[in-house]
Amino acid sequence: MLRLTPSQWNRLLLGVMIFGTLFIAATRVRPNQSLPLQLYTTAVLPAPAPAANHPAPDFALPLIDGSTVKLSDLNGKVVLINVWATWCPPCRAEMPAIQAAYETYRDQGFIVLAVNLREHPRTVAAFMEQFGLTFQTPLDLEGHVSDMYRASVLPSSFFVDRQGVIRAVYRGPMPRSVIAGTAEQLLGYPPSEGQQ
């Protein structure tokens, strides 16, 4: 084992500090130097996940019947975008509450877009029929909308106001009271008695 005296340790420490200082001085980037383009491109951050008080990213998706729905065509309506799948138990559990809200508020301009994630149209159609669901079900066959909305948790729900701005985001299943309360607020219902 190598044993150093205190003065040898001091010289070693001084040498490491001098070498480190010279290395830093020689390799630092000066303000007038340009970095390679590759460094700039790797520093670009991805767009933030859709969030409350930000515009809802637009999309167009096919429906089960073969027609297409485009989010921006629904401006003037209150839209619930719900990303889900038939194999997801929490998604299945919240569907009756979403259907109830849709039936209650659709005449006031409440639209549900239940964006199905990567399932065959026949599977989705059978599920909708089995549970008596009548709202629109866009098919996100490639997962592009799910990715755009950062829907890594199923279900993921986004309430969009009449101007196309996301006003509420919920990850996971929503109780009936949350769905109805958020829809009423965005539709402009007066506050309930006791709420001001």
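So, here is what we can say about the structure in this document. Counting of residues starts from 1 at the beginning of each chain's written sequence and follows it residue by residue. Local features in this predicted model are restricted to residues whose pLDDT is 70 or higher, and side-chain atom pairs enter the listing and the counts only when it is 80 or higher, whereas totals over whole chains, interfaces and linings include all residues. Just so you know, side-chain values use all the structure's heavy atoms and leave hydrogens and water out.

**So, the overall build of the chain**
Piece 1. Numbering goes from the N terminus for both helices and strands, where a helix is a DSSP run of H or I of at least four residues and a strand is a run of E of at least two. Helix and strand content of the chain: 6 helices and 8 strands.
Piece 2. Along the chain direction, N to C, the helices and strands of the chain fall in the order α-α-β-β-β-β-α-β-α-β-α-β-β-α.
Piece 3. For the chain, the proportion of its 196 residues judged to be buried stands at 37%.
Piece 4. Contact criterion: two residues are considered in contact whenever any of their non-hydrogen atoms come within 4.5 Å of each other. When contacts within the chain are restricted to residue pairs at least 6 apart in sequence, long-range pairs at least 24 apart make up 68% of them.
Piece 5. For the chain, the exposed area adds up to about 12,200 Å²; of that, 59% sits on carbon and sulfur atoms. Each residue's exposure class comes from its accessible area (1.4 Å probe, protein chains only) as a fraction of the maximum for that residue type: buried when under 20%, exposed when over 50%, partly exposed otherwise. To be clear on the numbers: accessible area is Shrake-Rupley with a 1.4 Å probe, and residue cover counts the displayed protein chains and nothing else.

**Side note on the packing of helix H3 (residues 89-105) against helix H6 (residues 176-187)**
Piece 1. A fitted line through C-alpha atoms serves as each axis, taken over the contacting stretch for helices, and the angle formed by two N-to-C directions is quoted from 0 to 180°. Where H3 contacts H6, the axes come no closer than 9 Å and their chain directions differ by 30°. In terms of their interaxial angle, H3 and H6 are classed as roughly parallel. Handedness of the H3/H6 crossing: right-handed. Of the residues in H6, those touching H3 at Pro96, Ala97, Ile98, Ala100, Ala101 and Tyr105 are Arg176, Ile179, Ala180, Ala183, Glu184 and Leu187.
Piece 2. Residues were grouped as follows: Ala, Val, Leu, Ile, Met, Phe, Trp, Tyr, Cys and Pro as nonpolar; Asp, Glu, Lys and Arg as charged; and all remaining residues, including Gly, as polar. In the contact of H3 with H6, the residues fall into 10 nonpolar, no polar and 2 charged. What sets the label is the angle itself: under 35 degrees gives roughly parallel, over 145 gives roughly antiparallel, 65 to 115 gives roughly perpendicular, and the rest give oblique. For any pair of crossing helices, the crossing counts as left-handed if the nearer helix is rotated counterclockwise from the farther one by less than a right angle, and right-handed if it is rotated clockwise.

**A short note on the nonpolar core**
Taken as a class, soluble globular proteins show a tendency for nonpolar side chains to be buried jointly.
Piece 1. Counting residues in each nonpolar core, the largest one holds 50 residues, and the members touching the most others are Phe59, Ile81, Phe110, Phe135 and Tyr149.
Piece 2. Going through the elements one at a time, strand E4 (78-84), H3, strand E5 (110-117), helix H4 (121-130), strand E7 (156-160), strand E8 (165-171) and H6 are the ones with two or more residues in this core. For our purposes a nonpolar core is just a set of buried Ala, Val, Leu, Ile, Met, Phe, Trp, Tyr and Cys residues, chained together by side-chain atoms within 4.5 Å.

**Points about the packing of aromatic side chains**
Piece 1. Aromatic rings from Phe, Tyr and Trp, with only the six-membered ring used for Trp, were paired whenever their centres fell within 6.5 Å, and each pair was classed as stacked if the ring planes differed by under 30 degrees, edge-to-face if by over 60, and tilted otherwise. For the structure shown, the criterion picks out 7 aromatic pairs.
Piece 2. An angle of 85° between the planes, with centres 6.0 Å apart, marks the rings of Phe59 and Tyr149 as edge-to-face. Taken together, the residues Phe59 in the loop between strand E1 (54-55) and strand E2 (60-62) and Tyr149 in the loop between helix H5 (144-148) and E7 connect sequence positions 90 residues apart. Neither Phe59 nor Tyr149 differs from the other in exposure class; each is buried.
Piece 3. Between Tyr149 and Phe158, the aromatic rings sit 4.9 Å apart at their centres with planes inclined by 65°, giving edge-to-face as the arrangement. In this structure, Tyr149 and Phe158 share a single accessibility class: buried.
Piece 4. Taken together, the ring pairs in this structure connect Phe59, Tyr149 and Phe158 into an aromatic cluster.

**Observations concerning the pairing of E4**
Piece 1. Taken across its 7 residues, E4 has 7 buried, putting it largely inside the fold.
Piece 2. For two strands to count as paired, DSSP must find a minimum of two bridges between them. The pairing of E4 with E5 spans 7 bridges and is classified as parallel. Within the sheet, the bridge partner assigned to Ile81 lies in E5 and is Leu113.
Piece 3. For the crossover that starts at E4, traverses H3 and ends in the parallel E5, the hand is right-handed.
Piece 4. Taken together, the 5 bridges between E4 and E7 define a ladder with antiparallel strand orientation. Within E7, the residue paired with Asn82 across the bridge is Ser157. For the handedness criterion, the strands are oriented away from the viewer, and a crossover whose path from the first strand over the helix to the second runs clockwise is classed as right-handed.

**Quick notes on the sheet that holds strand E6 (residues 139-140)**
In a beta sheet, neighbouring strands are held together by backbone hydrogen bonds and run either parallel or antiparallel to one another.
Piece 1. In space, the 6 strands of this open sheet follow the order E1-E8-E7-E4-E5-E6, with mixed pairing throughout. If you trace the sheet from one side to the other, it starts and ends with E1 and E6, each paired once.
Piece 2. Of the strands in this sheet, E4, E5, E7 and E8 are in contact with H6, which crosses E7 at around 20°.

**Topic: H3**
Piece 1. Under the convention used throughout, the expected extent of a helix is 1.5 Å for every residue step, that is, one less than its residue count. With 17 residues, H3 should reach 24 Å at 1.5 Å per residue; the first-to-last C-alpha distance of 25 Å fits that figure.
Piece 2. To obtain the bend at a residue, axes are fitted to the seven residues ending there and to the seven starting there, and the angle between these axes is taken. Most pronounced at Met95, the bend in H3 amounts to some 35°, and the proline Pro96 follows within four residues.
Piece 3. Of all the residues in H3, the buried ones are Cys91, Glu94, Met95, Ala97, Ile98, Gln99, Ala100, Ala101, Tyr102 and Tyr105.
Piece 4. On its buried face, H3 sits against E4, E5, H4, E7 and H6.

**Looking at the side chain of Thr137**
Piece 1. Tracing the backbone through its elements, the reader meets Thr137 in the loop between H4 and E6.
Piece 2. A relative accessible area of 4% means that Thr137 is categorised as buried.
Piece 3. Apart from residues lying up to four places away in sequence, Thr137 is in contact with Pro62, Leu63, Ile64, Trp84, Ala114, Asn116, Val124 and Met128.

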